[in-house]
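Here is how the chains run, residue by residue.
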Amino acid sequence: GESVGLHLPTLSVQEGDNSIINCAYSNSASDYFIWYKQESGKGPQFIIDIRSNMDKRQGQRVTVLLNKTVKHLSLQIAATQPGDSAVYFCAEFTGGGNKLTFGTGTQLKVEL
Amino acid sequence: GAGVSQSPRYKVAKRGQDVALRCDPISGHVSLFWYQQALGQGPEFLTYFQNEAQLDKSGLPSDRFFAERPEGSVSTLKIQRTQQEDSAVYLCASSFDDSNQPQHFGDGTRLSIL
């Protein structure tokens, strides 16, 4: 199917290495953040979330870091696997609102 | 199934035709959202329902776009007099409630206007 990741920034990593995907968000009032993974032809899949009263949250093989001072979010994937290849989006909620605002997205390519 | 279901998965229409896209949210989810995703870009918000009430339609690009959720479960996004710029993937998402909860997405409907 058509690629979700056309014209997106690309991160290439070797299988087994750790991956770090970065995201700058725009609104200092945003209080809830989500990372999504999107494979070609599929909808965004929830990975992990973090609220603004936290600066780190860990899941299975994934860690999200939030730096509110510089409005920066990162997703760390440990021991990257071929199945991790996808486009990754950060998304933010602002001030009790209900709509997500998505970032540009990063294409992750895992090389064997 | 347990996830958000959208139909059809693909829709091809001629310019000027009307189309209707359907979304079945996760059972019990109060909130339902529609997003539009252009190729190579992130999803962009269109509209939001809490149960049957449409609380935010600020993202609908024109009055040709209309969404409804009459019984608070299934939702339909309708586009009238389609134009080529309407070609995109239309994604539906649902969440348990509207207080900063994860939104879970369907696989979308890919709409192509010829």
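Just so you know, the residues in each chain are numbered from 1, in the order the chain's sequence is written. Working convention: letters from A go to chains and numbers from 1 go to ligands, in the order in which they are written. With the structure being a predicted model, the display of local features is reserved for residues of pLDDT at least 70 and the display and counting of side-chain atom pairs for 80 or more, all residues being used for whole-chain, interface and lining totals. For side-chain calculations, the full set of non-hydrogen atoms in the structure is used, while hydrogens and water are omitted.

## Side note on the overall build of chain A
Selection criterion: Numbering of helices and strands starts at the N terminus; helices are DSSP runs of H or I of at least 4 residues and strands are runs of E of at least 2. In this description the radius of gyration comes from C-alpha coordinates, and the expected globular size is given by 2.2 Å times residues to the power 0.38. Buried, partly exposed and exposed residues are distinguished by accessible area as a fraction of the type maximum, computed with a 1.4 Å probe on protein chains only: under 20%, between the cut-offs, and over 50%, respectively. By the convention used here, residues are in contact when the closest approach between their heavy atoms is within 4.5 Å. Using the Shrake-Rupley algorithm and a 1.4 Å probe, accessible areas are obtained, with residue cover drawn only from the displayed protein chains. Charge assignment in this entry is limited to Lys and Arg as positive and Asp and Glu as negative, and neither His nor the chain termini are counted. Positions of charges follow a simple convention, taking NZ of Lys, CZ of Arg, CG of Asp or CD of Glu.
Tallying secondary structure elements over chain A gives zero helices and ten strands in all. Moving toward the C terminus, one meets the helices and strands of chain A in the order β-β-β-β-β-β-β-β-β-β. Its C-alpha atoms give chain A a radius of gyration of 14 Å, near enough to 13 Å, the size a compact globule of 112 residues would have. Considered along the principal axes of its C-alpha atoms, chain A spans approximately 40 × 25 × 20 Å. Every one of the 112 residues in chain A was classed for burial, and the buried ones make up 42%. Within chain A, counting contacts between residues at least 6 apart in sequence, those at least 24 apart form 57% of the total. Within the structure as shown, chain A displays about 5,500 Å² of accessible surface, and the carbon and sulfur contribution to it stands at 46%. The distance from the centre of the 10 positive side-chain charges to the centre of the 10 negative ones in chain A is 6 Å.

## Describing unusual backbone geometry
Residue and element names in this part refer to chain B. Omega for the peptide link from Ser7 to Pro8 comes to -10 degrees, which places this bond in the cis form. Relative to the helices and strands, Pro8 is located in the loop between β1 (5-7) and β2 (10-13). Non-glycine residue Asn51 carries a positive phi angle of around 55 degrees. In this structure, Arg81 is a non-glycine residue whose phi angle is positive, near 50 degrees. By the secondary structure assignment, Arg81 is in the loop between β8 (75-79) and β9 (88-95). Among the residues examined, Arg81 registers a relative accessible area of 44% and is labelled partly exposed.

## Let's talk about the nonpolar core
Note that soluble globular proteins tend to have their nonpolar side chains buried in a common cluster. What counts, and what does not: Joining through side-chain atoms within 4.5 Å is the link that ties buried Ala, Val, Leu, Ile, Met, Phe, Trp, Tyr and Cys residues into a set, and such a set is a nonpolar core.
Counting 20 residues, the largest nonpolar core has Trp34(B), Leu77(B) and Tyr90(B) as its most contacted members. Where this core is concerned, the elements lending two or more residues are β3 (19-24), β4 (31-37), β5 (44-50), β7 (65-68), β8, β9 and β11 (109-113) of chain B. Ignoring anything within four residues of it in the chain, the contact list for Tyr90(B) reads Gln6(B), Leu21(B), Tyr35(B), Gln36(B), Leu46(B), Phe65(B), Leu77(B), Ile79(B), Gly108(B), Thr109(B) and Leu111(B). One finds Cys23(A), Trp35(A), Leu75(A) and Cys90(A) within the second-largest nonpolar core, a separate group that totals 19 residues.

## Side note on the packing of aromatic side chains
Think of a pair of aromatic rings as described by two things: how far the centres are apart, and how the planes are tilted against each other in angle. Heads up, the condition is: Any pair of Phe, Tyr and Trp rings, taking the six-membered ring for Trp, is counted once the centres come within 6.5 Å. Such a pair is stacked with planes under 30 degrees apart, edge-to-face with planes over 60 apart, and tilted for the rest. Whether a charge sits over a ring depends on NZ of Lys or CZ of Arg being within 6 Å of the ring centre and within 35 degrees of the ring normal.
For the structure on display, the rule yields 13 aromatic pairs over all chains. With 6.0 Å between their ring centres and 75 degrees between their planes, Phe102(A) and Phe105(B) make a pair best called edge-to-face. Pair noted here: Phe102(A) is in strand β9 (residues 101-102) and Phe105(B) is in strand β10 (residues 104-105), and the two residues belong to different chains. Across this residue pair, the class does not change: Phe102(A) and Phe105(B) are buried. Plain terms: the ring middles of Phe65(B) and Tyr90(B) are 6.5 Å apart, the flat faces sit at 40 degrees to each other, and that makes the pair tilted. Of this pair, Phe65(B) sits in strand β7 while Tyr90(B) sits in strand β9, placing them 25 residues apart in sequence. In this structure, Phe65(B) and Tyr90(B) share a single accessibility class: buried. In textbook terms, an aromatic cluster arises when at least three aromatic residues are bridged by ring pairs, as seen for Tyr36(A), Phe46(A), Phe89(A), Phe102(A), Phe33(B), Tyr35(B), Phe45(B), Tyr48(B) and Phe105(B). In this structure, Arg9(B) packs its charged tip against the face of Tyr10(B), placed 5.6 Å from the ring centre.

Any link to function would need more than the numbers given here.
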